Protein chains: 2
Amino acid sequence: MGVSLDHARELDRQDPLAGFKPHFALPEGVLYLDGNSLGAQPVSAREAVAGTLDQWRDELIKGWNQGWFDAPERLGNLLAPVIGAGQGEVVVTDNITLNIFKLLGYITGQRTDGRRVVLSEGGNFPTDGYIAQGFCRFGDFEHRFLPEGAELADHLDGVAVVVLSQVNYRTGRLRDMAAITRQVHERGAEVIWDLAHSAGALPVDLNACGARYAVGCTYKYLNGGPGAPAFLYAHRDHQGGGWQPLSGWHGHAAPFAFEDDYAPAGDITRFRTGTHSALIYSALEASLTMWADVDMAALREKSLAMTELFRDCLADLLLVHGIEDITPAAGERGSQVSLVDTENGFAIVQALIARGVIGDYREPGLMRFGFTPLYLSFEDVWQAARHFREMLESGEYREPRFHVRSAVT
Amino acid sequence: MGVSLDHARELDRQDPLAGFKPHFALPEGVLYLDGNSLGAQPVSAREAVAGTLDQWRDELIKGWNQGWFDAPERLGNLLAPVIGAGQGEVVVTDNITLNIFKLLGYITGQRTDGRRVVLSEGGNFPTDGYIAQGFCRFGDFEHRFLPEGAELADHLDGVAVVVLSQVNYRTGRLRDMAAITRQVHERGAEVIWDLAHSAGALPVDLNACGARYAVGCTYKYLNGGPGAPAFLYAHRDHQGGGWQPLSGWHGHAAPFAFEDDYAPAGDITRFRTGTHSALIYSALEASLTMWADVDMAALREKSLAMTELFRDCLADLLLVHGIEDITPAAGERGSQVSLVDTENGFAIVQALIARGVIGDYREPGLMRFGFTPLYLSFEDVWQAARHFREMLESGEYREPRFHVRSAVT
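What comes next concerns the included structure. Given the structure is predicted, the values throughout are model-derived calculations rather than measurements.

### Thoughts on the interface of chain A and chain B
Point 1. Each side of the interface is counted separately: chain A has 81 residues, and chain B has 81 residues.
Point 2. Interface area for chain A against chain B, summed over the two sides, is near 7200 Å², with a carbon-plus-sulfur share of 68%.
Point 3. Applying the counting criterion to the chain A and chain B interface returns two salt bridges.
Point 4. With a closest N to O distance of 2.6 Å, Asp54(B) and Arg46(A) form a salt bridge.
Point 5. If you list the elements that add at least two residues to the side of chain A that touches chain B, you get strand E3 (41-42), helix H2 (43-59), helix H4 (96-110), helix H5 (127-139) and helix H7 (278-291) of chain A.
Point 6. Along the lines of polarity and charge, the residues of the side of chain A that touches chain B split into 43 nonpolar, 27 polar and 11 charged.

Encoded structure:
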C-alpha cells in the first residue's frame, strides 16, 4: 500500500478535527467519498428538524415570528465566517441558479457603459452556464463561453460579468480568487464567484480577496441536507444599488406593509424572493452552528493530508493499471482526488460502491473522490484505498453488473 | 347564539369528511381559523420527513435516484386532480414569485404582436404585483395595476398577460375563472391564475375553465408545511414553446448529459430550475396523498356550511358592535369569513388569539377567518363563535395588552 495502516491511525491520533466525526450519523459499512455531491447528516440536524415539526404542529402560524422569517439572514451570518464574509453580507436563499440570475440582473442593471457580454465557463458543471444563457436570452445580453483551459485575460474584452467556479467540479482545480478578482476589476468587469465546491472544503476569504459577489450551495461540504438552500454574498459596499429582477415580498423594504409598489430592502435582504421552507432551514442551521467551532486552517491541512494519503496508497497501482491521476498540485487543489480511466472508470466506481466505497463518476472516464475533513478519518481513507487496490487487483470491476448504466446525479 | 351546539354536533354526525380530522396533529386548546395562512400538520407528514432523514443518513447520494429527483413531477401529478389539471400539467417547484416570473417570460417570449403590458391587481396580496414589476423593469415591459374593484374589460387594451387571484386574500371573493379566462383570451391576452387561496379550499377546474397557466402555494389549504414549495400549471397544449428565463439544470432536456448548451425539456419539467430540497417534498407528499381521498364537492359543501354557521352564530352580535361582515355571497366566496372593524379589529383578533381562537388581522381593520374542511368540525366553528361572543360582550378586547403591535405574517 505504500503507507501502513498504523501510519494512518497515527495521523488520526494527531488530528485536531477528530472530535467532529461523532457528530455525524454515518451508515455502517460505508466509506463515503462523495461529500462533494451530498454531505453526510449531522446528528443535530435530525433533532432540529423534529423541533421545527413540533413548532409547526404547536405554534402554527406563530412560528413565522419565532425564528422562521429571519432564518435567511440568521443562517447567512452563521455561514459568513466560513467564507470570509462579514455579518450582513450573506443571505441563505433559493438555489444557485436563481441566485446567479439575481446577481446578473443586479450587476448589469447598475452598469452605464453599455457592456452586454456575460461570460461563463465551458466544460464546467452546467448550472452557471445554463442560467447565464437564460438571463442573456431574456435580457438581450450576449452570452459567451470561456473555453476550458483558456486564459481568462484573452476573453475579457467587452465583458460585463463573468461567472467563475473557485474550484472546478471535475478536476478539483482551485483558482486564485484574489488575483483573478483584481484582474477582472481592472478590466472593468465584475465577477460572480461560485463556491459550490469550495465553501466548507477549504478556507475561502471573500473579503480579503476583494470579491464583491458570490453564490454557493450548502448541501455539499456544508452538510445542510439534500437540496438545502443556497447562499448569496454581496460585499457591504455593493448592496445599495438598483433592483434585482426576482423581486419577491420577502425582499421588500417593508414586507409587512403590503404596499402595492415594490421597493427593495436596503441591505442583503433584497436578494430574498418569496416564502421559504422553515423545515430545511432548521437542518442547515444545525450544521452551520457546528462550523463555528471549525479551525479552517486545520481543515485545509487535513484535507490536503487526506488527499495525499489516498494518492500515496494508490500511486504504484494506478500506474500499473493505466489510470491517470489528474489531481492538481496541493496548492491548486480543492478537496478531491480526480482519476481518469476512459475504458473502465464507470465500472471501477460501481465496483467500489458495491464494496461500500462511495465515489462519483462523470463522463468521459472521470472518477471523483471527495474528502470531507469533518467526518472522514485517515483510517477511512486508508481503508478506501485498500478496497480500491483489492477491487483492481481481483479484476472484479470486469463483472457485467458493474457495466450497467443508469441515471446518476 | 342563533344556532345551538346540538345543531353543530348534528352537522358533524352527518359530515362525510369527518374522518379526516384525526389525520391532523392539532394542538390542544386551539381553534385554528388560520389555515388560509398556514395549514395544520398531517400526522403522516412527520413520519414522511423522518423517512427522508433516514434516507439521507443511510442512502446518502443514492437518495436522488430513489424518489428525490422526480418529486417535482410526481407531486405535481398528485396535486393535479385537486385543481382540475391533467397528469403532466403540474410541477411542484420553487415559490409563487419565481413561478410567475417564469410564466411571464415564457408567455411573452412567444408573443409576436408587440404587446408589452403586464397587468396585476392593486390592493391584493403584493406577491404577484411585486414580481410583475421586477419582470417588467428588467425585461423592458410596461406594468400596470388593475385598480381594486375595477372592470377587467376596461383595462385589457394592449395587455399581453394579466395575473389574477382566483380568490382575493382579503375579502375572500371568488372570481369566475371560466368567464374571465374566455374574456381575456378573446381580447388577445393570456391570464396567469394565482390559486394561493383557492387550491384545496374549493373545487378548482383549470382544464374545464380553459385556463392555460396557473401558480399556487401548497402551505395554506394544502397543508404542505411552512414554506412548502409552490406549483406551476401549464396546459398540455402550451408546454412546447420557447424558454422560460430561469433556465436551471433540472429543467434541461437531458440534465445528466451535462452539455454546455441549455435546451429546455419538452414538457412541464422545463419549469424546474436547480436542486430542490427532498425534505420538504416528503412532508408535502404525505399531505397530497391524503387529497386523493377527498370528495371536492363535499369539501365545498362543508366549507360553505361552516362559513354560514360562523356568520349565523354572530350576525346579531356584529350588528350591535358595529362590525361589518364583508364576506361575499355563498357562490362568490372562497373558504373564509371577512369582518371589518377599523377601530377594534386588531385588538379583537389579539383577544381571540389569547382565547386560543387563531385568526388573522390585516390593516385597515380586516379580520380574516379561514375555514378548512379537513380538520375543522362544526363544533369547532360553534366554539370559536362562542369565544367571539364572550370576548366581545365582556369587552376584554379593550385590555391594553391586546393593542400592542408587532410583525405579523
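### Some points on the environment of Ser120(A)
Residues and elements named next belong to chain A.
Point 1. Here Ser 120 is to be found in strand E5 (residues 117-121).
Point 2. When the C-alpha positions of Ser 120 and Ala 132 are compared, they lie 7.1 Å apart, and in sequence the two are 12 residues distant.
Point 3. Apart from residues lying up to four places away in sequence, Ser 120 is in contact with Asp 128, Gly 129, Ala 132, His 143, Arg 144, Phe 145, Leu 146 and Val 163.

### Here we look at helix H7 (residues 278-291) of chain B
Residues and elements named next belong to chain B.
Point 1. Compared with an ideal rise of 1.5 Å per residue, which puts 14 residues at 20 Å, H7 spans 20 Å between its outermost C-alpha atoms and is within 8% of the ideal.
Point 2. Of all 14 residues in H7, 12 are buried; the element is thus mostly enclosed.
Point 3. Considered for burial, the residues of H7 that qualify are Ala 278, Leu 279, Ile 280, Tyr 281, Ser 282, Ala 283, Leu 284, Ala 286, Ser 287, Leu 288, Met 290 and Trp 291.

### Remarks on the sheet that holds strand E7 (residues 159-165) of chain B
Residues and elements named next belong to chain B.
Point 1. Here seven strands make up an open sheet; going across it, the order is E4-E10-E9-E8-E7-E5-E6 and the pairing mixed. Both outer strands of the open sheet, strand E4 (90-92) and strand E6 (142-146), are each paired with one neighbouring strand and no more. Adjacent strand axes in the sheet meet at a mean angle of 20 degrees when their direction is disregarded.

### Topic: the side chain of Arg362(A)
Point 1. Tracing the chain through its elements places Arg362(A) in strand E14 (residues 360-362).
Point 2. Engagement of the side chain of Arg362(A) in a polar contact is seen with the side chain of Asp360(A), the distance being 2.9 Å.

### Considering the pairing of strand E15 (residues 366-370) of chain A
All names here are of chain A.
Point 1. Most of E15 sits inside the fold, with five of its five residues counted as buried.
Point 2. Burial of E15 is two-sided: the residues Leu 366, Arg 368 and Gly 370 facing one way and the residues Met 367 and Phe 369 facing the other way are all buried.
Point 3. Bridge analysis of strand E12 (residues 336-340) against E15 gives five bridges, and the strand direction is antiparallel. Directly across from Gln 336, in E15, lies its bridge partner Gly 370.
Point 4. In this sheet, E15 lies alongside E14 in antiparallel orientation, the contact comprising three bridges. For Arg 362, the partnering residue across the bridge sits in E15 and is Leu 366.
Point 5. The turn linking E14 back onto E15 is made up of three residues, and Gly 365 within it adopts a positive phi angle of 80 degrees.

### Examining the relation of the copies chain A and chain B
Point 1. Between chain A and chain B, the superposition needs a rotation of 180 degrees and an axial shift of 0.0 Å, giving an RMSD of 0.0 Å. Taken together, the rotation angle and the small translation identify this as a two-fold axis. Considering only C-alpha atoms, the residue of chain A closest to the rotation axis is Gly139(A), which sits at 2.9 Å.
Point 2. Interface overlap between copies is the fraction of interface residues in one copy that are interface residues in the other; for chain A against chain B it reaches 100%, indicating a shared surface.

What counts and what doesn't
Once a new chain begins, its residue numbering starts again from 1 and follows that chain's sequence as written. The lettering of chains begins at A and the numbering of ligands begins at 1, in the order of writing. Confidence filtering applies because this is a predicted model: local features only for residues at pLDDT of at least 70, side-chain atom pairs given and counted only at 80 or more, and all residues used for totals across whole chains, interfaces and linings. Computation of side-chain values: all heavy atoms of the structure, hydrogens and water removed. By the convention used here, residues are in contact when the closest approach between their heavy atoms is within 4.5 Å. What gets called buried area is simply the loss in accessible area from a 1.4 Å probe that two parts show on being joined, summed for both. By convention in these notes, a salt bridge is any Lys or Arg side-chain nitrogen within 4 Å of a carboxyl oxygen on Asp or Glu. Helix and strand assignments come from DSSP, with helices taken as H or I runs of at least 4 residues and strands as E runs of at least 2, each series counted from the N terminus. Under the scheme applied here, ten amino acids are nonpolar (Ala, Val, Leu, Ile, Met, Phe, Trp, Tyr, Cys and Pro), four are charged (Asp, Glu, Lys and Arg), and all others, including Gly, are polar. To estimate the expected span of a helix, subtract one from its residue number and multiply by 1.5 Å. Partly exposed describes any residue whose relative accessible area lies between the buried limit of under 20% and the exposed limit of over 50%, with all areas from a 1.4 Å probe on protein chains only and scaled to the type maximum. Paired strands are those between which DSSP finds at least two bridges. In this description, a line fitted to the C-alpha atoms serves as the axis of each element, helices being fitted only across the stretch in contact, and the angle between N-to-C directions of two axes falls anywhere from 0 to 180 degrees. N or O atoms closer than or at 3.5 Å make up a polar contact, with two conditions inside protein: a donor-capable atom paired with an acceptor-capable one, and, for residues adjacent in sequence, both atoms drawn from side chains. When the copies are overlaid, the least-squares fit takes in C-alpha atoms only where the residue has pLDDT of at least 70 in both copies.

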